[in-house]
Structures are given as structure tokens and as C-alpha cells.
Amino acid sequence: MAEFFLELFSEEIPAGLQKDLRNKLLEEFQNFFLEKSIKSKKCFSLSTPNRLIIVFENLDKQIKIASEKIRGPKTSAPEEALEGFIRSNNIEKKDLFKNETEKGEFYFYKTKSKSLKTSDLLIEFIPKLLENYQWKKSMNWGEFDLNWGRPLKSILAVFDRKTLNFEFHHLSSSNSTYIDKDFEEKKKTFADFRSYEKYFKKQGSLVDQDKRKEFIKREFSKILNKRKLTIKDNPRLFDEVINIIDNPNVLLCSFNKRFLSIPKEILTLTMQSHQKYFPTFDNNGVITNEFLIVSNKKDQKGLIKIGNERVIEARLSDAEFFWNKDKTQNLVKKISELKLMNFFKGLGTYFDKVQRLRKLGGIISDELLISKEKVELSASICKTDLTSNLVGEFPELQGIMGGYFALHQGFDRDVSLAITEQYLPIGLDTHTPKKPFSVALSVSDKIDTLVGFFGINEKPTSSKDPFALRRTALGVIRTIIENKKNFKVNDLLSYSSSLYQDQGYNLNNQNLQKELNNFLKDRFRYYMKEKKIRIDIIEATISSFSLNNLFSSYEKANRLNNIINNQQGIDIILSYKRASNILDNELKNSEIEMTNTTDPGIFKTDIEKNLYKKINEIKKYYSNINNDENYEQSLTILAGAKKDIFEFFDNVKVNEENETLRKNRLELINMLCKTFQNFINFQLLKINNE
């Protein structure tokens, strides 16, 4: 058993490319060893900004390939076919023998068993693997024809403590690597991974990204616990920092407290996105003037701390200047500046967009019974922050800064909050707007965007969604459902389309309404899947719902999903399925046509009368509810019909010889099924999810 150890040393590879490289190369090696039936006990991939490491432990040193019979052409085949078989397998005619099979007599030859060295297989495979690796972004440099994420400087390849010698473009593999990324004249040889890791650990470099992660977490905890501070969970930033350093050292730095007067979003974004710092918060969640950094070396003289504090001071000074300047710019006067900012080619400017939002928001305000004037005002100024220096510097803060500007200039809090939350929700995890004015602006903005892009046929494909329209549609669905409202979405889509036409923008998609309906329906399906609703319940809901009843449809699906596997749910499904199956079977080979008329005057038994009475009770219940249906009560009522339904089927002969009686009983069953379908399309549900 032997160890295989590979290190690729290059200039610093960005975090995203680095993570992708270590995962995919390890997978390729695993597939290769599996294909060659080479066993190993442990394997892993590690990386630092400059080093990619692959290790397989306890690998077979060689593999034995057993002899096998290779079938050639039939004995009756032309001589040319036999000669071609002999040439292609590099054998002689005397090596052949004949054998009878189910398909006739064939020529065969038997290969000799042989042993292959794993080292020889690796020498042949590694250059091919590296050559075929597909980078998301790559570069070549100098006169070399090698495309790699960043300039590749050396390849260390060792198997069983011996060098694997091969060529890859201008590089020759060896058992040595550069030990200092800044001074590449220093090299050191290594015969195995353990001595390699031990050496670099002594130098302060942790080549294992998981060990770096644990080290940084421990250091963070020590400082935060001592200072009684916290940091916000930011996995993406943490993951990036882990992959841009290899000699981690955590420092606590600070900036002038005067900058705390700047909105916390500016402070946070400046530190996280621009500098890869970790802002800290007190126990009340209030941001402080202290922050954590992870440097890539020890700060022996304190110069790293001083340098980073100077950098953040400069950045925050710029942010403070922009904030003080932008917050005083009159938002109403800045509306006209939106005429100079294009929304999208064929969809006008942002000024055009806010005019559409004013009217669309006004329609939604009627549904929400809120002030139309306030909704129109929030729509009018909601995009003005796009003209500010701060949003130019921090595009991620659009909307958020507009809310701050509005609040600073004395606009109503509802208006300011609506502007702040206009882009929410973003995906499945962010919160949705809850205040009515925020809901109106958020839905208006998203409806306008969907109609516009679909109208000019800039739609998502199966693999691409450059304008995040899936996320936008999901935002509409989440906002409506999570605010427990039923908006007339179809009317909003139609009205939004007319607003574009009124402004002279030609939406040339002739199937706009239909495509948007299907698109939103698909996003609704996705939303329910994420909420762990059973697939058959989702399909039953989708088959009979309208965009105008999104919340009601979701609530029905959700409530049914909650009880589907308990006795109440089982009673409902069994009752419906028993009725619908008998109805389908009887009508399949019958010429009877259902007329939706049941005549109680020709019932022969009390059991028929009882079922008829129960169905009418349910129908009366549904006729007396409007938009205030209690779904749990509805399910209880449906489940309560089981006794009368089963008594009917257990005691009444449906397939009566008398055609009038048979038709009447089938009409009764049909009436039962249709009454159940007031709730959902039970026809698509499965018993016990089979």
C-alpha cells in the first residue's frame, strides 16, 4: 500500500476558483481509481491561495488484470473481417480458437493476465486530467500555451515516496515545491504529505482549509467573549476569507466613533464587501466601532493593525462625505433626473417606470384599503436613490439608502419603509414586506418588471436567468401568500401591460398573459415544494387554481398536507376515491350521460336520502362562505361525510338493473364528487402517497 501526493503550486487563485478546483480534481481522481479498480482507504483535497493538494492514502501499488476471452467475427464471416480483428488486437491467427455460442460459432482469443503499476497509470493520467480541466475563468501568460486559473509554477507528484516523472506543457514534475510564495528561489523536497504538512505548520501555514476555519473560529470566540461582542453570521464572507489566507492571524481593530452616525448598512457593506472585515455588534445588536480582520501573517510590530485602520478610516470618510451630501438632496426634485437613466432597452427610463408604478400601486392600494396618495408618493421617489453617490459606490444599497434619505427629509415612516423594502423578498430566505405600503410598492415593482421583460421576450431559459426573473416572480408569490392576501394578479398583469402600451412601448409578445400565468404557476409549484407539501397535493392544487387566489390555494394545500396522513385525511381521500372509482367504472362502459340532476323523489332507501342530505349540507356550507373559508373546518366537514358515504356503498346497489334508478344513483355520486372538489381536485391525490 502506498500514498499518492500531488501539489500544484501557482500564483494566488481566487477563492471561488480554488474551491471548485479542489473539489473537481479530487472527484476526477476518485473516478479514475474506481475505473481502474485501484483501492484506497482515505482521500482528500486541500488548498491555500497558492497550493492545491490531492492525497490518497493506502493505495494499491499495482493491479492485476485477469485474462479474458475476446470475441471476434463469426467463423462464416469474410476473411477480411478476420484479418481486421487480428490486426486491431495485435495477435496472430494461431492465437485464435473457435467456440459455439447461442448466436452461432465465433472466433475468440484469450488475453494474458498482467500486472500494471499504479505509478505508471498515474504518470499517464495526470497530464491528461490537468489538460482537460475546465476553468470558469482562465488565463495564459508569457510565451506558454498553458491555460490555467493563474500562472502554474511547479508540480510536486509523489507515489510511494518516489517521484512521478511526467511533463505538463513547460513544467516537469518533481518531488519539490516552493516553500515561500514571495521568494520562489527557495525550494524543498518532500517524500510524503505528513512531512509536508508538518513543515508548513511550523512555518505558521495551515494547508488544510478546515483547520484554518476552526482556528479562525476559536480566535474569534476568544476576542468576542472577552469584549462581550458578537458578529453576524456571514458564511459567504467567512468561506472567502478562509480561502484567501494560509497563515491566519486574527486582529481586533477599530475606527473613529463619529462614523457610527452613518447608516449601519454603509458601515457593514464597506467592511464586509470591500475589505473582508467582520463588523462587531453589542448584545443589543447595535453596531460598534470595532471590527475583526484575518491577516495572512503575524503582526509582530502592530503595523498590519495600523494599516487596516487607516484604510477603513479613509473609506468611511468617503462614505460619510457622500452620506452628508446625498441625504440633503431633495428627492422630489431628483425625480426628473430619472429621465436620464435607462431601465432597459425597449422598456424606457426609470422615470417611465416610476410613472407605471404610481398607477399600478394605486390599483393595489384599493385592494389593501390604504391611502392611494401615499402609495403613489412612495412609488414616485422610490428610484431616486439611484442617482446618489452612495448607491453609485454601493449598488447593493439601492432602496435602503432611499429609505434613509426619505426619513431624513421628513417623509412619512410608511413611505420610507416602503422604499427600503421595495426589492424584498430576495429569494426564499429573506423576509417579506409586511406593512401595507411596502407590500403595494414591492408587488408593483415586481409585476412591472415581469411584464416588461416577458413583453419583449427577455425570458429565462432552462439554464440562464440573467435578469433574475424567477426570483422576482417568487417574490410576488411570497409577498402575497405570507401577507395572507388574494390579489387579482391576472388583472394586475393585464393593467401593467396596458401601462407600457400607453407610454408607447411595444410589448410584442403575443402570448404575454399566458406565458406569465404559466411562469408564476411554475414558481408557485416551486414555492410549495420548498414548503414540503406533498407532490400530489401540489399538482391537485395547481390543476384547479387561479393566480387571483394564490393565498387561498396555498392555504388549502398546506392544511390538507398537515392532515393527509392522519385519520381525518385518510377518511377524506378514501371517501372521495371510493365514490370516484365507482363512478368512473360505471360510466366507462355505459351510454348514460350525466345531467347533474339528482331526483330525491325516486330514492328507494333512507341510506340514499341520508347521503343526499349530507351532500346538501356540504353544498350549503360552501354557498355561505366567501373569502373567509376556515380550511380546517372544511376538512372536518368533508371527513365527517365518510359514514354516510360508506353506508351508501356498502348497502346500496349502484349498478341497478332499472336504468332510471342506476342513473339517479350515479348522479348522486357525481354530485358528491363535485361537492368535494369545491375544496381541491381530489382526483389527482393518491392514497397513502402511493
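None of these values were measured; they are calculated from a predicted model.

1. Things to note about the overall build of the protein chain
Within the protein chain one finds 24 helices and 19 strands. Computed over the C-alpha atoms, the radius of gyration of the protein chain is 36 Å, more than 25% above the 26 Å expected from 2.2 N^0.38 for a compact globule of 690 residues. Pairs at least 24 residues apart make up 69% of the contacts formed inside the protein chain by residues separated by at least 6 positions. Total accessible area on the protein chain stands at roughly 35,300 Å², and carbon and sulfur atoms take up 46% of it. Charged side chains of the protein chain number 110 positive and 95 negative; the gap between the two group centres comes to 4 Å.

2. A few points about the nonpolar core
Counting 127 residues, the largest nonpolar core has Leu-560, Phe-676 and Phe-682 as the members making the most contacts within it. Tallying contributions element by element places helix α14 (residues 436-455) first for this core, with ten residues. Residues contacting Leu-560, with those up to four places away along its chain left out, are Ile-537, Leu-635, Phe-679, Ile-680, Phe-682 and Leu-685. Listed in part, the 37 residues of the second largest apolar core include Ile-54, Leu-121, Leu-164 and Leu-171.

3. Digging into the sheet that holds strand β2 (residues 42-47)
An order of β2-β3-β1-β9-β10 is seen for the five strands of this open sheet, with the pairing classed as antiparallel. In this open sheet, the two strands that pair with only one neighbour each are β2 and β10 (162-163). Across two bridges, the pairing between strand β9 (residues 152-159) and β10 is antiparallel. The residue bridging Val-158 from the neighbouring strand is Thr-163, located in β10. Contacting β1 (2-10) and β9, helix α3 (residues 118-132) crosses the sheet at an angle of about 155° to β9. Helix α4 (residues 193-202) contacts β1, β2 and β3 (51-59) of the sheet and is inclined by roughly 140° relative to β3.

4. Looking at the sheet that holds strand β17 (residues 287-295)
In a beta sheet, neighbouring strands are held together by backbone hydrogen bonds and run either parallel or antiparallel to one another. What the three strands build is an open sheet, ordered β15-β17-β16; its pairing is antiparallel. Each having just a single partner strand, β15 (249-254) and β16 (278-281) make up the two edges of the open sheet. Within the sheet, the average angular offset between the axes of one strand and its neighbour, ignoring direction, is 30°.

5. Some thoughts on the packing of helix α9 (residues 350-368) against α14
At their nearest, the axes of α9 and α14 sit 8 Å apart, and the two run at 130° to each other. In this view, α9 runs oblique relative to α14, as classed from their interaxial angle. In the crossing of α9 with α14, the sense of the turn from one axis to the other is right-handed. Contact residues: Lys-353, Arg-356, Leu-357, Leu-360, Gly-361, Ile-364 and Leu-368 in α9; Pro-436, Val-439, Ala-440, Leu-441, Val-443, Ser-444, Asp-445, Ile-447, Asp-448 and Thr-449 in α14. Partitioned by chemical class, the residues of the contact of α9 with α14 number ten nonpolar, three polar and four charged.

6. Some details on the packing of helix α17 (residues 512-530) against helix α18 (residues 535-543)
In the contact formed by α17 and α18, the axes pass within 10 Å of each other and the chain directions differ by 150°. As the angle between them shows, α17 and α18 are arranged roughly antiparallel. The handedness of the crossing between α17 and α18 is right-handed. Facing Lys-521, Phe-524, Arg-525, Met-528 and Lys-529 of α17, the residues of α18 in contact are Ile-535, Ile-538, Glu-539, Thr-541 and Ile-542. Here the contact of α17 with α18 is composed, by residue class, of five nonpolar, one polar and four charged.

7. Things to note about unusual backbone geometry
The phi angle of most residues is negative, glycine excepted, and most peptide bonds adopt the trans form. Omega for the bond connecting Leu-424 with Pro-425 falls within 30 degrees of zero, at -5°, which places this linkage in the cis form. With respect to the helices, strands and loops of the structure, Pro-425 is situated in the loop between α13 (413-420) and α14. A positive phi angle is found at Asp-160, which is not glycine, with a value near 55°. With respect to the helices and strands, Asp-160 occurs in the loop between β9 and β10. Accessibility expressed as a relative area gives 23% for Asp-160, which makes it partly exposed. Although it is not a glycine, Lys-532 sits at a positive phi angle of roughly 65°. Look at Lys-532 and you get exposed, because its relative accessible area is 69%.

8. So, the packing of aromatic side chains
What describes a pair of aromatic rings is the distance from one ring centre to the other and the angle between the planes of the rings. The final tally for this structure, using the stated rule, is 50 aromatic pairs. Ring centres of Trp-148 and Phe-168 lie 6.2 Å apart, and the angle between their planes is 75°; this geometry places the pair in the edge-to-face category. With Trp-148 in the loop between α3 and β9 and Phe-168 in strand β11 (residues 167-168), the pair connects residues that are 20 residues apart, well separated along the chain. Accessibility classification places Trp-148 together with Phe-168 in one group, the buried group. Lys-187 extends its terminal NZ or CZ atom over the ring of Tyr-178, reaching a point 4.8 Å from the ring centre. Stacked on the ring of Phe-679, the Lys or Arg Lys-556 has its end atom at 5.5 Å from the ring centre.

9. Quick word on the pairing of β2
As judged from the six bridges shared by β2 and β3, these two strands associate in the antiparallel manner. The partner of Lys-42 across the bridge, within β3, is Glu-57.

10. Observations regarding the side chain of Ser-553
Structurally, Ser-553 is set in helix α19 (residues 550-563). With a relative accessible area of 10%, Ser-553 lands in the buried category. Polar side-chain contacts of Ser-553 include one of 2.9 Å to the backbone oxygen of Asn-549. Aside from chain neighbours lying at most four places away, what touches Ser-553 is Phe-524, Thr-541 and Phe-545.

11. Concerning the pattern of salt bridges
Here the idea is simple: oppositely charged side chains can pair when their charged atoms come close. What the rule picks out here adds up to 41 salt bridges. For the salt bridge of Arg-358 with Glu-376, the shortest nitrogen-to-oxygen distance reads 3.8 Å. A residue pair is termed long-range when its members are at least 10 positions apart, and Arg-358 in helix α9 and Glu-376 in helix α10 (residues 372-381) qualify at 18 residues. A relative accessible area of 27% places Arg-358 in the partly exposed class. Its salt-bridge partner being Lys-374, residue Asp-412 comes within 3.6 Å of it at the nearest N-O pair. Of this pair, Asp-412 sits in the loop between α12 (400-408) and α13 while Lys-374 is found in helix α10, placing the two residues 38 residues apart along the sequence.

The rules behind these values
- Residues numbered from 1 in each chain as written.
- Predicted model: local features only at pLDDT ≥ 70, side-chain atom pairs only at ≥ 80, totals over all residues.
- Heavy atoms only, no water.
- Helix = DSSP H or I, 4+ residues; strand = E, 2+ residues; numbered from the N terminus.
- Rg over C-alpha atoms; globule rule 2.2 N^0.38 Å.
- Contact = heavy atoms within 4.5 Å.
- Areas by Shrake-Rupley, 256 points an atom, 1.4 Å probe, with all protein chains shown as cover.
- Lys, Arg positive; Asp, Glu negative; His and termini not counted.
- Charge placed at Lys NZ, Arg CZ, Asp CG, Glu CD.
- Core = buried A, V, L, I, M, F, W, Y, C linked by side-chain atoms within 4.5 Å.
- Buried < 20%, exposed > 50% of the residue type's maximum accessible area, 1.4 Å probe, protein only.
- Pairing = 2+ DSSP bridges.
- Axes fitted to C-alpha atoms, helices over the stretch in contact; angles between N-to-C directions.
- Parallel < 35°, antiparallel > 145°, perpendicular 65-115°, else oblique.
- Left-handed = near helix turned anticlockwise from the far one by under 90°.
- Nonpolar A, V, L, I, M, F, W, Y, C, P; charged D, E, K, R; others polar.
- Phe/Tyr/Trp six-rings, centres within 6.5 Å; stacked < 30°, edge-to-face > 60°.
- Lys NZ or Arg CZ within 6 Å of the ring centre and 35° of its normal.
- Polar contact = N/O pair within 3.5 Å; in protein donor to acceptor, adjacent residues only side chain to side chain.
- Salt bridge = Lys/Arg side-chain N within 4 Å of Asp/Glu carboxyl O.

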